[in-house]
Amino acid sequence: WEADYGKPGRISSALDIMLEGPIGAAAFNNEFGRPNLTGYFRSYEQPDPKDSGSDFRGYHKPIMLAGGMGNIRPMLVEKHSIPAGALIIILGGPAMLIGLGGGAASSQTSGESAEELDFASVQRENPEMQRRCQEVINHCTSMGNDSPIISIHDIGAGGLSNAVPEIIHDCDRGGRFQLRDVLSTDLGMSPMQIWCNEAQERYVVAIKPESLPLFESFCERERCLYAVIGQATDEEHL
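Definitions and limits used
- Residues numbered from 1 in each chain as written.
- Predicted model: local features only at pLDDT ≥ 70, side-chain atom pairs only at ≥ 80, totals over all residues.
- Heavy atoms only, no water.
- Helix = DSSP H or I, 4+ residues; strand = E, 2+ residues; numbered from the N terminus.
- Pairing = 2+ DSSP bridges.
- Axes fitted to C-alpha atoms, helices over the stretch in contact; angles between N-to-C directions.
- Contact = heavy atoms within 4.5 Å.
- Core = buried A, V, L, I, M, F, W, Y, C linked by side-chain atoms within 4.5 Å.
- Buried < 20%, exposed > 50% of the residue type's maximum accessible area, 1.4 Å probe, protein only.

We now examine unusual backbone geometry. You will see that Asp-172, though not glycine, has its phi angle at about 55 degrees, which is positive. Not every positive phi belongs to a glycine, and Glu-201 is a case in point at roughly 60 degrees. Turning to its location among the elements, Glu-201 is positioned in the loop between helix H6 (191–196) and strand E8 (202–207).

What follows is the structure, given as structure tokens:
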């Protein structure tokens, strides 16, 4: 029912997104073994009541929400407090020079984003690495109270620059980290690019030092990349 008021040439049409988006999401989940079970689209378009009818508010792109179902064991529902000296590990895919504009691009006021920022926000999926991460996490959760994981955090918008400070700040901890210990596909990446890229299929994990051999054995068994990038500290300083 939407009228055609034009759109930036660099984005797909709403119809193309609604036809192709679910196929891409389902294919990714199926490739690493997790079915999409729920989902819907949201679109929005409304004439500006203060105008004669020439101005509209709404979305150029419909918003797709997709979800699955999961379960969690009772003793693993809550994150535990991270003690000073705990190791902070990046589990999963390496840093890539992608997604530097992701969080910034999605937070722009309509019409203000630059084409370069939009293209910089494009992600690259790796369902095989996602599956390897999932198996390492499964090994840990199967141990219940003896899981080596103290706390785990997803890495999304902002990359490590969001996730690493968040996991330690939640426990009133600081941390000391070596960015060059982060696995990277491009050795020429700057510290900012390593810290802020939004490469996919990664988690930040806190474990006790004595649990490292066990955690490493799970990663080696599943051929899953990991890097110990530093430690939590008592002083709340990054």
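We are not done yet, so read on.
This part takes up the sheet that holds E8. Spatial ordering of the open sheet is given by E6-E8-E5-E9-E7, a layout of five strands whose pairing is antiparallel. On the outer flanks of this sheet lie strand E6 (149–154) and strand E7 (174–177), each paired with one strand and no other. With strand direction ignored, the average angle separating the axes of adjacent strands in the sheet is 30 degrees. Where E7 and strand E9 (residues 226–233) come together, four bridges link them in antiparallel fashion. In the sheet register, Arg-176 faces E9, and the bridge partner there is Gln-231. On the sheet, helix H5 (residues 160–169) packs against strand E5 (87–92), E6, E7, E8 and E9 and is oriented at approximately 150 degrees with respect to E6. The strands touched by helix H7 (residues 212–222) within the sheet are E5, E6, E8 and E9, with E5 carrying the most contacts at an inclination of about 5 degrees.

What follows is about the nonpolar core. A general trend in soluble globular proteins is that nonpolar side chains are found buried together. Counting residues in each nonpolar core, the largest one holds 23 residues, and the members touching the most others are Ile-82, Ile-88, Ile-90, Leu-160, Val-164, Val-204 and Ile-229. Put simply, the parts of the chain that give this core at least two residues each are E5, H5, H6, E8 and E9. Sort the elements by how many residues they give to this core and H5 lands first, with five residues. With sequence-adjacent residues up to four places away left out, Ile-90 is seen in contact with Ile-155, Leu-160, Val-164, Arg-202, Tyr-203, Val-204, Leu-225, Tyr-226, Ala-227 and Ile-229. By size, the runner-up hydrophobic cluster in this structure holds 17 residues, among which are Ile-89, Cys-140, Phe-215 and Phe-218.

A separate point is the environment of Asp-55. Relative to the helices and strands, Asp-55 is located in the loop between strand E2 (45–47) and strand E3 (56–58). Under the relative-accessibility criterion, Asp-55 is labelled partly exposed at 35%. Non-local contacts of Asp-55, meaning those with residues more than four positions away in its chain, are made with Gln-46, Pro-47 and Asp-48.

Nothing here speaks to function; it is all geometry.
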